[in-house]
Each structure stands twice: as C-alpha cells, then as structure tokens.
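Understanding the architecture of this molecule
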Amino acid sequence: MGRRFAACWRFWLTCYSFAIMPAKKKLKKQKPKKASSKKPAPKKDSASLKTDPKRVAAILEKLDQAYPNAICELNHKNAFQLLIATILSAQCTDVRVNQVTATLFKKYPTPQAFARANPSELEQDIRPTGFFRNKTKSVIGASKAILERFGGNVPRTMDEMLTIPGAARKTSNVVLGTAYGIASGVVVDTHVQRLSNRLELTRNEDPKKIEQDLMKILPQDRWISFSNQLMWHGRRVCHARNPKCLDCNMELLCNSEDKTI
Ligand code: SF4
C-alpha cells in the first residue's frame, strides 16, 4: 500500500512539472520591448520660428537688394481697374489676367459699363481666367456697390473694402496698398504663403493667420513692399517645385527642407 502510494505521488509530481514547464519557458523568452527608433516630428510651434528682429531685417535687406523696384504686376490705370484685375487673379496667373484685361478694359472702361454688362457676355470675356461664373458675379456686384454706395470711387478703408462683393482681405490689401499706398495689412497670396513658411516667418498655412504673423514681425512701412518682393522672388527664383536656391541671395538665411542645395 505504502509503495503504491509513493508511486502515485511521484507520477502526479512528474505530470505537474510537465504542465507548468511551457509557461516558465514562455516567461523566459519574453524580451523587453526596444524603444522606437523613429525620431520625433519637429515641433511646429511659434517657439521654433526664426523671427528675431535682426534676422527679419537681414531678409528685408536681401529682398531690397534683389528687388528694389518690385511692384504689383497686374496692369491697371486706376484703383477700379486694379480691383477688377485682382478679382480676376484668383487661381490665375497675373500674365493671363493681363492678357484678358488688355481688351476687357477697352470694352468696359468704367464702373458703369461693368455694372450694365450682360452677365453671359462678360462670362465669355473673362472665361480664360477660370471660375468665370463666380468672377462675373463679383465683378458686376463690385461695380454696382462702388456706384451705389461709394459715389463711383473705390473706398480707402479696409472696413469699406470688405463690404464689396469679391473683395476679401487679400484683394483689399492689394488695392489699398498699390492704388493708394495705404498699408492696411500684408497681401498673402500663394507665393507669400509658401515663402513665409520656407523662411520660417510663420508656421501657419491659413492666409489670415499668416498675415497676422507677418504684421507682428514686419515694420508697417514694409508691409506693401515686402509682399510685392516676396511675390517676385516666388515667381522668379523660389518656385513651388525645384526652387533655384543657387540663384537665391537669401540662401544663407534659409533652412527650408525644400532647399535644392
Ligand atoms: S534658399 Fe531656396 S528655398 Fe530658401 S528662399 Fe532661397 S530659393 Fe527659396
């Protein structure tokens, strides 16, 4: 009986050790997880901007050297024509707008002529600039507003400009700055948007926020010239794709990851 009990006890112990062995082995095999080798994404906060006054002044100096006579490249003879040309320039090149306005301003020489225009005919006249249906509404609406509420003259304040159909902040800044020399803000078009980011003057993509950033760091007497110079640089050197960094006099000031050298 005693022997039989001892044999049973040994058998039970053997079975138990086999049962728990795999679990022990599994525990041994588990290795601590390695830390991720991925680098953390660069911070995109205002603390990483390079906007100290000396650097901003250096950028302004380089722009002055490269583009001392940068002006708005939309052809116009008065504030009203500039307003119409700027409305047409949305999502369109200045070269194309100038081709269209060369004949458009002869056919419609005054705000009255645009206000009386046949919409279908005007749509075809401005069709090459794109978005011609909406632009036709804006051009006729702006002309009527200027005749009915501003005595036929383009107003001189941002608040008034913003009541005109088709005139948001960019258009209003172009007209006030170029036609009247009034620095009401900074024009932020696609070039200013791209270059301000490449030059680390902003981390924003929204034009309204970029404008606010630029107004804080630029002297007000440079608001008009800065945007014209940046547009010239964007069209001639700092293209969206393959910027010509070898030809750029701001290369030493630029840390953009889009740089080609
Ligand atoms: S160095 Fe290149 S990316 Fe930087 S501003 Fe000049 S052209 Fe643009």
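1. Side note on the overall build of the protein
Summing up its helical and strand segments, the protein has twelve helices and zero strands in all. What you see in the protein, going N to C, is helices and strands ordered as α-α-α-α-α-α-α-α-α-α-α-α. Counting only residues that meet the buried cut, the protein has 30% of its 261 residues in that class.

2. Some remarks on the site of the ligand
Close to the ligand lie 14 residues; Cys238, Pro243, Cys245, Cys248 and Cys254 are nearest. By residue class, the composition of the shell around the ligand is eight nonpolar, one polar and five charged.

3. Regarding the confidence of the model for the protein
Here the protein averages 88 in pLDDT, while 82% of its residues score no lower than 70. pLDDT under 50 marks residues 13-44. Its contacts with residues more than four places away, or in other chains, come to two contacts.

4. Let's talk about the packing of helix 3 (residues 79-88) against helix 9 (residues 169-180)
Where helix 3 meets helix 9, the closest approach of the two axes is 9 Å, and the angle between their N-to-C directions is 150°. Compared by their axis directions, helix 3 and helix 9 come out roughly antiparallel. The hand of the helix 3/helix 9 crossing is right-handed. Along its contact with helix 3, which presents Ala79, Leu82, Leu83, Thr86 and Ile87, the element helix 9 presents Thr171, Val174, Val175, Thr178, Ala179 and Tyr180. Of the residues in the contact of helix 3 with helix 9, the class split is eight nonpolar, three polar and no charged.

5. Describing helix 3
Counted residue by residue, helix 3 has nine buried out of ten residues, so it is predominantly covered. For helix 3, the full list of buried residues reads Phe80, Gln81, Leu82, Leu83, Ile84, Ala85, Thr86, Ile87 and Leu88. Those residues of helix 3 that are buried are in contact with helix 4 (94-107), helix 5 (111-115), helix 6 (119-126), helix 7 (132-149) and helix 9.

6. Here's the deal with the environment of Ser143
Within the secondary structure, Ser143 sits in helix 7. Taking the C-beta count within 10 Å as the criterion, Ser143 has 26 such neighbours and is therefore assigned buried. Taking the C-alpha atoms as reference, Ser143 lies 8.7 Å from Thr110; in sequence the two are 33 residues apart. Leave out the neighbours within four places in its chain, and Ser143 touches Pro111, Phe114 and Ala115.

7. What about the nonpolar core?
Core analysis: the largest hydrophobic core is formed by 46 residues, its most contacted members being Leu83, Ile84, Ala142, Val175 and Val186. Here this core gets seven residues from one element, more than from any other, and that element is helix 3. The residues that make up this core include at least three from each of domain 1 (48-70 + 188-261) and domain 2 (78-184). When residues no more than four places from it in sequence are discounted, the contact partners of Leu83 are Ala142, Val154, Ala167 and Val175.

8. Points about unusual backbone geometry
A positive phi angle is found at Gln91, which is not glycine, with a value near 60°. Looking at the element boundaries, Gln91 is found in the loop between helix 3 and helix 4. Here the phi dihedral of Glu200 falls at roughly 60°; this positive angle occurs in a residue that is not glycine. Here Glu200 shows up in the loop between helix 10 (190-198) and helix 11 (207-217).

About the criteria used
Each chain carries its own residue numbering, running from 1 in the written order of its sequence. Confidence filtering applies because this is a predicted model: local features only for residues at pLDDT of at least 70, side-chain atom pairs given and counted only at 80 or more, and all residues used for totals across whole chains, interfaces and linings. Each helix is a run of DSSP H or I of at least 4 residues and each strand a run of E of at least 2, with the numbering of both proceeding from the N terminus. Here a residue counts as buried when 20 or more other C-beta atoms fall within 10 Å of its C-beta, as exposed when 12 or fewer do, and as partly exposed in between; the C-beta atoms come from the backbone. Note on definitions: a residue is near a molecule or strand provided its C-beta atom, placed from the backbone, lies within 6 Å of it. As a working rule, the residues Ala, Val, Leu, Ile, Met, Phe, Trp, Tyr, Cys and Pro are called nonpolar, Asp, Glu, Lys and Arg charged, and the rest polar, with Gly in that last group. A residue's pLDDT is the predictor's confidence in that residue, given on a scale from 0 to 100. Whether two residues are in contact depends on their C-beta atoms, placed from the backbone: they are in contact if these lie within 7 Å. Axis definition: a line fitted to C-alpha atoms, over the contacting stretch in the case of helices. Angles run 0 to 180 degrees between N-to-C directions. Here is the rule for angles: anything less than 35 degrees is roughly parallel, anything more than 145 is roughly antiparallel, 65 through 115 is roughly perpendicular, and the remaining ranges are oblique. Working rule for handedness: look at the near helix, and if it is turned counterclockwise from the far one by less than a right angle, call the crossing left-handed; if clockwise, right-handed. Remark: nonpolar core denotes a set of buried Ala, Val, Leu, Ile, Met, Phe, Trp, Tyr and Cys residues whose joining runs through C-beta atoms within 7 Å. Note that domain bounds follow an automatic or database assignment of domains.

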